[in-house]
Amino acid sequence: MSLFSNHLHLPRHVDMKERVADFWRDEASIADPKKHTMQPIVTGTSVLGIKTKFGVVIAADTLGSYGSLARFRDVSRLMRVNDSTIVGGFGDYADYQHIMKLLEQQTIDDKVIGDGVYRDAPSIHSWLRCVLYNRRSKMNPLWNTIIVAGSTYAGEPYLGYVDKIGVSFTDKSVATGFGSYIAQPMLRKAMEENPDMTIDEAKKLMVRCLRVLFYRDCRALNRFNIGVVAEGQCTISEPISADTDWSIGANPSGYE
């Protein structure tokens, strides 16, 4: 038996950069453990949506509030996903940016495949429900409520709602935040009085609702985008403002 082995066991080369990186990574995990978002930081308020026989209209203002500070005044909370769908986000804007990146990657993947198949509004609504419910199940929710406005493969108007714990539904009109208390009754009343509402009438109704929200919601701003999905087209307007009349401020009483 040979006293010397043919296989020499040489010491493995040690990369000191990796050792140092591992050391500081471990130190960081001990000093600053993994944290979940406990409350939203920069937030957006109400998103409104209404479905007519001719298409869907969605609207949201451009304010990003840092607590009670109107910090960011040019934040778009409407996103054109593809030729058939627009989504609007309420809640934490950082989480909404994460959702937008996921949707952008889905759109890129669809184009790379190149088979002509795209995700319609119901597909995106169902996918968002799964994403939000999955994060909620991990006790690390995305602090958003998402409105999905668009059309189906058959060309029918579609309007969906999903919140941060995965509760979702479809309706003729939806609203988030303070808008669910103030704007939603206005939307429902208008739909009852005019069931054959046109797209132009729906846009005027949105402007009226956003004006009232600007009067009543201290997190709202008189600068907003309106998105329309109709007749095979999907567009989002440039930021616009509504005419306001603050002389009505003298009418309410009992708040002195």
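It should be noted that the structure appears before, not after, this text.
Residues numbered from 1 in each chain as written. Predicted model: local features only at pLDDT ≥ 70, side-chain atom pairs only at ≥ 80, totals over all residues. Heavy atoms only, no water.

1. Remarks on the packing of aromatic side chains
Working step 1: With the rule as written, the count across this model stands at six aromatic pairs.
Working step 2: Their ring planes at 75 degrees and their centres at 5.7 Å tell us that Phe 214 and Trp 246 sit as a pair that is edge-to-face. Here Phe 214 is found in helix 5 (residues 199-216), whereas its partner Trp 246 is found in the segment after strand 13 (233-236), with 32 residues between them in sequence.
Working step 3: A centroid spacing of 5.0 Å and a plane angle of 80 degrees characterise the contact between Tyr 215 and Trp 246, whose relative ring orientation is edge-to-face. Of this pair, Tyr 215 sits in helix 5 while Trp 246 sits in the segment after strand 13, and the two are 31 residues apart along the sequence.
Working step 4: Looking at Tyr 215, the relative accessible area reads 22%, which means it is partly exposed.
Working step 5: Taken together, the ring pairs in this structure connect Phe 214, Tyr 215 and Trp 246 into an aromatic cluster.
Working step 6: The ring of Trp 143 has Lys 164 lying over it, and the distance from NZ or CZ to the ring centre is 4.6 Å. (Phe/Tyr/Trp six-rings, centres within 6.5 Å; stacked < 30°, edge-to-face > 60°. Helix = DSSP H or I, 4+ residues; strand = E, 2+ residues; numbered from the N terminus. Buried < 20%, exposed > 50% of the residue type's maximum accessible area, 1.4 Å probe, protein only. Lys NZ or Arg CZ within 6 Å of the ring centre and 35° of its normal.)

2. Some details on the environment of Met 139
Working step 1: Locating Met 139 in the fold gives a position in the loop between helix 3 (121-137) and strand 8 (144-151).
Working step 2: The exposure class of Met 139 is exposed, given its relative accessible area of 66%.

3. Notes on the side chain of Ser 46
Working step 1: Residue placement: Ser 46 occurs in the loop between strand 1 (42-44) and strand 2 (47-51).
Working step 2: Among the polar contacts listed, one links the side chain of Ser 46 to the backbone nitrogen of Gly 179, at a separation of 2.9 Å.
Working step 3: Look past the residues within four positions of Ser 46 in its chain and what remains in contact with it is Ala 59, Ala 60, Asp 61, Arg 77, Phe 90, Thr 176, Gly 177, Phe 178, Gly 179, Leu 213 and Asp 217. (Polar contact = N/O pair within 3.5 Å; in protein donor to acceptor, adjacent residues only side chain to side chain. Contact = heavy atoms within 4.5 Å.)

4. Some points on the nonpolar core
Working step 1: Grouped together as the largest cluster of nonpolar side chains are 25 residues, with contacts concentrated most on Leu 48, Ile 50, Val 57 and Ile 226.
Working step 2: Here this core gets eight residues from one element, more than from any other, and that element is helix 5.
Working step 3: With 20 residues, the next largest nonpolar core counts Val 81, Leu 103, Ala 121 and Val 162 among its residues. (Core = buried A, V, L, I, M, F, W, Y, C linked by side-chain atoms within 4.5 Å.)

5. Thoughts on unusual backbone geometry
One can expect most non-glycine residues to show negative phi and most peptide bonds to be in trans.
Working step 1: Phi is positive for Met 139, close to 60 degrees, though the residue is something other than glycine.
Working step 2: A positive phi angle, near 55 degrees, is found at Glu 231, a position not held by glycine.
Working step 3: Structurally, Glu 231 is set in the loop between strand 12 (224-230) and strand 13.

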